[in-house]
Every structure is written in structure tokens, then in C-alpha cells.
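Take a look at the letters that make up each chain.
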Amino acid sequence: MRPKVWDEMYEAGDIRSHYQVFFDSLSQSTSDEFTLKDELAKKLFMNQGITFTVYSDGEGIEKIFPFDIIPRIITAVEWEHIESGIKQRIRALNIFLRDIYHDQFIIKDGIIPASLMHSCPGFLREMVGVDVPFDIYTHISGIDLIRDGDGSFFVLEDNLRTPSGVSYMLENRNMTYRIFPGLLPRNNVRSVKDYPDLLLKNLLGLANRQKSEPTVVMLTPGIYNSAYFEHTTLARLMGIDLVEGRDLVVDNAKVYMKTTAGLKQVDVIYRRVDDEYLDPLIFNRESILGVSGIYYAYRMGNVAIVNAPGNGVADDKAVYPYVPNMIKYYLNEEPILKTVPTYSMDNPDHFSEVFSKIESMVIKKTNESGGYGMLMGHAVTEKEVAAYKLDVEKNPRHFIAQPIINLSSVPCFLTGKVQPRHVDLRPFALYGPQGIEIVPGGLTRVALREGSLVVNSSQGGGSKDTWVLGS
Amino acid sequence: MLSRVADSVFWMARYMERTDKMLRALRTSYIASQDEMQDFDWQLWVDGLSAKSTDSIEVNNYREALNHLILSTHNDASVLANIVRARENARSVQDYITKEVWQGINEYYHLIRDPKTQDLLLKNDPVTAFDQLLRESVLFYGTVDITMNRGEGYIFISIGKYIERIIRSLDILELQMLEIEKGRNEAMHWKYLLYSLSGYEFHTKHYKNALQMDEVIGQVFLDVQFPHSILYSLLQVERYFKRLENISLPEYFREMEFLLGRALSNLRYNSRRHNDVVEVKGWILETRSEVKAISQKLATLYFGYS
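Residues numbered from 1 in each chain as written. Chains lettered and ligands numbered in written order. Predicted model: local features only at pLDDT ≥ 70, side-chain atom pairs only at ≥ 80, totals over all residues.

### Observations concerning the overall build of chain B
Piece 1. Summing up its helical and strand segments, chain B has 14 helices and 0 strands in all.
Piece 2. Computed over the C-alpha atoms, the radius of gyration of chain B is 19 Å, within 12% of the 19 Å expected from 2.2 N^0.38 for a compact globule of 306 residues.
Piece 3. Projected onto the principal axes, the alpha-carbon positions of chain B cover approximately 55 × 50 × 35 Å.
Piece 4. A total of 306 residues make up chain B; the buried ones form 43% of that total.
Piece 5. The long-range share in chain B, meaning contacts at least 24 apart out of those at least 6 apart in sequence, stands at 66%. (Helix = DSSP H or I, 4+ residues; strand = E, 2+ residues; numbered from the N terminus. Rg over C-alpha atoms; globule rule 2.2 N^0.38 Å. Buried ≥ 20, exposed ≤ 12 C-beta atoms within 10 Å, placed from the backbone. Contact = placed C-beta atoms within 7 Å.)

In C-alpha cells, the structure reads:
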């Protein structure tokens, strides 16, 4: 019997009340009109350069970031639950990061095993004892949520290092008012356009110098990075310089950017370069994306880096099962959002149990992203399972398993027809000196292949506009 | 402004101006080849517009020539190659140009890669294709003018545009002089030169002995009313450069100011005879060399080149 899938739009054959207004307008359009809207969306995406770039023969090949025109709608009550749950989670994770890089009480009190921490690739010894401004480590977080068959929200994953996708959230909204004029106000959809302003406010607040206009920059790996569109969009919307590693230089423990008028000191860096490539003097010596000496300037307190280095210890998939315990331990609260039951593959009992019911399990690498390196137990052959099992046996610490959850589905307009596809949701949380703010909505990612549960864009996923309704 | 960004917007402008100039020249050449001349020398243009001798190929007709000069991905100096470079430069500085400018270049890129454009150029009516492409070029200039604030980005775009304009005007003049040396109708080639530089109508209105060498050379080099003249363009470079004074290191500014002043003096105050082929050729070489030196010095002082 097929496991139940929560349909975001339909309930027992009827339209859910919060989709009614949209459904009524949808019924007034013909299939041809919808096709025209879909084509308009593709053209707008292409013309505005909202694409992935695949480089071949020295010339960029543009691939449109797939966008489905039918929005995903969330009620005000549902959003309130999500928002409070994410804020609780972010608070706990920040306290955890502060603790793990200082006194490590959570280890000493036996909540988390020390071996787990010290075997995390994301744990940076270089961050031990380093005080960060306002004790904030996760200034920008993307928390991936899914819904199970009963409609409950689960946290699937925390993204605390360089979460991406917010630019598509902003552009998707811009597409929607072009494709469905008048529908946004009629549905009382809450705005997302404040995100860049909120982020900039937080970044400015992190500057150390007593200066009325601190210099904030965004550090990008450059035009060959698949998320480059997002880097340029955010830099433009915030009015900050988009720099590459070669534009910066460190002198006397301060970071400067090379300008036409000479060197200019930088106060805050919103970096989209991974920890490993940040400073070749400290981390990967072959990195040409980072800046030599930047880590020294950071430890001296002369520049703020967002997100803080070393957050990988908190969003490692092997640490994920302990987050509810962190919430209880640090906040003395019950977790608001559920987490998916998780099995550690370096636990022999878990290992046996998982492979005994592999057809209902998914196994993931703890430090991988983009949907790569996973085994979806229901969609593989015995041979593939056997081969994967060997990999897990070689290094069990680097794998976790979870039961396959049938993600909720939303109608999508594909090849001229409305068809259901599985989705998840990535809201973006901003943590600044004044607290945590979450822009209402986020990025709904959709698995465009029929039956697929993998929503990552690198694996054929697309996105939708996400509407959070006002109360 | 970041040195790297200044470099990118400068070169974005240079590639866009280069594209515009090439398209205008090729449009004129194509019409010339259809209009009067049965044995139009496309090889001369292919050799002349190739950046390096290895970029040139042997061509037998207009289709092969236009394909090589406009659409070829194997020719480093083709119009397509220039638009790709302009776009890549624009892509890397999207936070410094406006969204409209970026979209304009992006649409230009998609237009030239559109199979319909290629069909027009190679199988149907090339003039329609030229006009469509040139319209995007004009749109780019208008978008820059209307949407960009008059900060450093705009200044470096303007300097790049006019430096490239000087160099390309000289190249096209040189090519037409080569045609004339082959014993062809001199007046006709001066006419084509002026059409390539969008200066023919101006010439007929302002010069009585129309299409005489000394007057054409005078217009191309020294007429400040003519926006594609060398003197007008160099004055614009100086005009925009002076706006950088407040943000420049004084020694850098003085060095550039000296080079520009000297180039302008050499242009204005010389006793060259405009109807002497040898002297004019020398003038072309000297002016081109001076302008390239200005560009290189700008790169060293402002873009961080060593």
C-alpha cells in the first residue's frame, strides 16, 4: 500500500481553503493561457540571467533555473509554527557553537559524545577559544523543512555554512506578479522584499570600528560558481561591493580592498566561500579563492566574517539527531519542530536495522550536500545496495540513515498539464544583534521528475514561489 | 571602486564599441559588395579585421566572410567573440552596472546566438540582421546613459568607449586607404569610409568639395562636431578622465593628464598635409600608438596591472 502523501492543495478531493482564491483564478484560465504564462516565465528568467552557467569551450552555456508557476501556499497559523520552531532551533544551535568552541559543557555533561565532535570535518580547531561578535555564529541559516503524510512539519536539515537560494525566493516573487497580476494582494500574501534590508542591517551591526558607515563586502568565488547569480543579486540589492579573493589584501591584521583610489579597509565580510578555501595560510594552501591572512585579522577582531567559520560542526548530519537534546539542554524547552528519526551507521545495531529494511530507508553522507552521495532504498537494485554497503562499512561515521518520508506534494504545471510533485521548504533565518528574523516564505524546492523525492537543483529540481498568507 | 571592477567595466565598454564599429563597417561593406562592386575584396577585410594572422582564413564570398567575421567561434576577433567577452565582463561586475544594462547585454548575446539571426546573415537578408544587432548596440548606449549614475563606473565605461572608438576609426580608415591604393574609385571609398563611421550625411552638409581626401581626413581626424572623429573622442577621454581627479592619487592623475595633453597637442598642432598618403599613414600609426599607450598606462595606474 502506497504511503500517504500530504497534498498541499487538496484534502479528500476538495480544495483546501487557503488555496481557494488561487484555484478560482486558475479555473478561469485555459491550458493555452497557462502555457503562455509558463513561456513568459522562462523568457524572463533567461533575459534576466537567472540561470545556472555550465562552462564549455570558454563560453558559458545558460541553463534556466527551473521555475514552476503554480505557487505553494502556507497559512498564517502554519507559518507561526514554523517561525517559532526555527527561532528556537537557531538559538540552540548558536549556543551549541559557542559552547563547543569554548567550555564544551554539552560534552562534559554527556549529552553529545566527544568522539562525534572531534571526528566532524566541520569542527575547526582554529576556532577554539575565538570570541565572535555578539556570540552569533549563524547569521544566515537555511533550515530545510518537509511535511510527512499527516502534514506535520519536520526539519530535514540545517544549513548553517553558506546556505543559498534566497535570490531565487526574491526572483520567484518578481515572476509571480508578472504572471498572475493582482493575485498577490487578493491573497494577502506577505512580502519577502525586506530580506536584503534586514541582512544589511545585521551586517552593519557587526562592525567593530566606531564608524558611521562601516565597509561591508560580499566575498564570492567568482563567475564560475553556480550560485554567482545570487551573489550579484544580493550585492546589488544591499548596495555593497562584490569582491573576489584577489581584490582583498591583509596588512597589519586588517583587511583591505584594492580600489582605484588605493586601499580601503573592510569591516564586515559576507563570505560565500567555504571555510576550507577562506585562508590558504591556515586551511587549504592551494586555495586561490580566499585571502592570505584573513583568518588572523578575524581572530584579532579587525574584521567580522559571516557566517562564522566552523559552523559545519553544527550542520553535520551526524550531529542533526542531537539538536532536540540541545534545545532541551540549553533552552530547557521542548522542541517545537520535529526531527526525522536518524540512525548512525557507526552504531552496529543501527547499521543492521537499516540494511534489514533498506527499501524504506535513505542513507546519506554526513558531510555532503546537493543531494549527492545518497542511497534511496526504494529506487535501487540489490547490487547497488551491496556496493553502497561496502562504502558505509569502510567509514561508517560518515553516513547516517533515515526512513524515507514521502514529501508533501503540490500541483505543478508541467508539459501543459497540472501534475503533483514533491516539495520541501527552505526558510531563511537572519540572526543579528537585535535578534532572529525570518522573512515570511522561503524557497520551495520541487522534485520535477515524477515520483522523485530529490529536490536539489543539481539533481533536476526546480523551485516555486512560496506564499505565506497574512492573518 | 575596485580596481578589478574598473578594469571590467572599461573592457566591457571597449568590446561593445568594437562590436558596434565592426558591425557598421561590415554592413557598409556588404551593401557596397551588392551595390556597385562585382569583385569586392572580402579577403582584405578578413585579413584587416583579424586580431592576429592566425585568426584569418581564406574566403571566397560574402557568406564565408560574414560567417568568419561575425559568427565564428574560432575567430578570436569575431563579433560574437567580442559580445561574449563584453558579457563576461558585465557578468563579473553586475553589482556595479544596473540591472537594465546587464539585461541589455544579455539579450544582445542571445540575439547573436539565435539561429534566426544566423540564417538572416548567411542565407537571407544580412542587412536586416545587421540592423537588428545594431539596434541592440544603440540600446546599450541609451541604457547606460539613462540608468547609470555618473560615478566611477560610468566614467570608466565612457573612457573605454572613446578609446576604442579612436582605435577602430583608425583601423577602418587604414583599410579603406588600402582599397584606394589598389587603384579603385577613390571618392567611392571615402564615401564608404564615412558611411562606416556614420559620417556621410554630416560630410555632405558641411564640406563643399565633398569626398576629397584632405576634407575627409580633416573630418575624421579633427572635426569636433563629428562624434566619431579622433579629436572629438580624445577630448571626451580627457573630459571623463578629469572627473577622476578627486578620487585619484595625485601622482597617478598627473601622469595620465600629461599623456592625454601630449596626445591632444600632437593631434591638433601638427603640419601634416591631409592629402598626402604617406603623411596620413604616419599619422594613423602615431595616433594609434599614443592612444594604446594611454590605455596601458590607465591599466597600470588604475586597474592594478603591473
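### As for the overall build of chain A
Piece 1. Summing up its helical and strand segments, chain A has 13 helices and 25 strands in all.
Piece 2. Relative to its length of 471 residues, chain A is compact, with a C-alpha radius of gyration of 23 Å against a globular reference of 23 Å.
Piece 3. Summarising its shape, the C-alpha atoms of chain A cover approximately 65 × 60 × 50 Å along the three principal directions.
Piece 4. Counting the 471 residues in chain A, one finds 45% classified as buried.
Piece 5. Put simply, 68% of the contacts in chain A that link residues at least 6 apart link residues at least 24 apart.

### Some remarks on the pairing of strand E11 (residues 254-259) of chain A
Residue and element names in this part refer to chain A.
Piece 1. Alignment of strand E10 (residues 248-251) against E11, held across 4 bridges, turns out to be antiparallel. Bridge pairing in E11 places aspartate 251 opposite lysine 254.
Piece 2. Here E10 folds back onto E11, and the loop between the two strands holds 2 residues, one of which, asparagine 252, carries a positive phi near 55°.
Piece 3. The pairing of E11 with strand E12 (residues 262-265) spans 4 bridges and is antiparallel. Across the sheet, the residue bridging to tyrosine 256 is glutamine 265, located in E12. (Pairing = 2+ DSSP bridges.)

### Some remarks on the interface of chain A and chain B
Piece 1. Contact residues are listed per partner, giving 20 residues for chain A and 22 residues for chain B.
Piece 2. Broken down by secondary-structure element, the contributors of at least two residues to the side of chain A that touches chain B are helix H2 (31-47), helix H9 (228-238), strand E9 (241-243) and E11 of chain A.
Piece 3. By residue class, the composition of the side of chain A that touches chain B is 7 nonpolar, 7 polar and 6 charged. (Nonpolar A, V, L, I, M, F, W, Y, C, P; charged D, E, K, R; others polar.)

### Observations concerning the domain arrangement of chain A
Piece 1. Along its sequence, chain A is organised into domain 1 (209-302) and domain 2 (344-404).
Piece 2. When each unit is reduced to the centre of its C-alpha atoms, the spacing between domain 1 of chain A and domain 2 of chain A is 38 Å. (Domains from an automatic or database assignment.)

### Points about the domain arrangement of chain B
All names here are of chain B.
Piece 1. Assigned domains of chain B: these are domain 1 (1-148) and domain 2 (162-306).
Piece 2. Taken over C-alpha atoms, the centre of domain 1 sits 21 Å from the centre of domain 2.
Piece 3. On the domain 2 side, the residues contacting the 16 residues of domain 1 number 17 residues.
Piece 4. Counting only elements with at least two residues in the side of domain 1 that touches domain 2, the list comes to helix H1 (3-35) and helix H2 (42-49).
Piece 5. Examining the composition of the side of domain 1 that touches domain 2, we find that 11 residues originate from one element, H1, more than from any other.
Piece 6. Within the side of domain 1 that touches domain 2, the residues separate by chemical class into 5 nonpolar, 3 polar and 8 charged.

### As for the pairing of strand E19 (residues 399-403) of chain A
One face of the sheet, then the other: side chains in a regular strand alternate in exactly this way.
All names here are of chain A.
Piece 1. Taking burial as the measure, the 5 residues of E19 include 4 buried ones, the bulk of the element.
Piece 2. As paired strands, strand E16 (residues 343-344) and E19 are joined by 2 bridges and run antiparallel to one another. Bridge pairing links tyrosine 343 to alanine 401 in E19.

### Overview of the sheet that holds E16(A)
Piece 1. Across the sheet, which stays open at both edges, the 4 strands sit in the order E16-E19-E17-E18 (chain A) with antiparallel pairing between neighbours. Where the open sheet ends on each side, the last strands, each with one partner, are E16 and strand E18 (375-376) of chain A.

### Describing the environment of Gly222(A)
Residue and element names in this part refer to chain A.
Piece 1. With respect to the helices, strands and loops of the structure, glycine 222 is situated in the loop between strand E8 (216-219) and H9.
Piece 2. A residue is classified by how many C-beta atoms lie within 10 Å of it, and glycine 222, with 16 of them, is partly exposed.
Piece 3. Placed 90 residues apart in sequence, glycine 222 and valine 132 show a C-alpha to C-alpha distance of 27 Å.

### A look at the confidence of the model for chain B
Residues and elements named next belong to chain B.
Piece 1. Averaged over all residues, the pLDDT of chain B is 91; the fraction at 70 or higher stands at 96%.
Piece 2. Here H2 is the element of chain B with the lowest mean pLDDT, 87, and helix H12 (residues 230-242) is the one with the highest, 97.
Piece 3. Both scores are available for the predicted complex, with the pTM at 0.84 and the ipTM at 0.73. (pLDDT = per-residue confidence, 0-100.)

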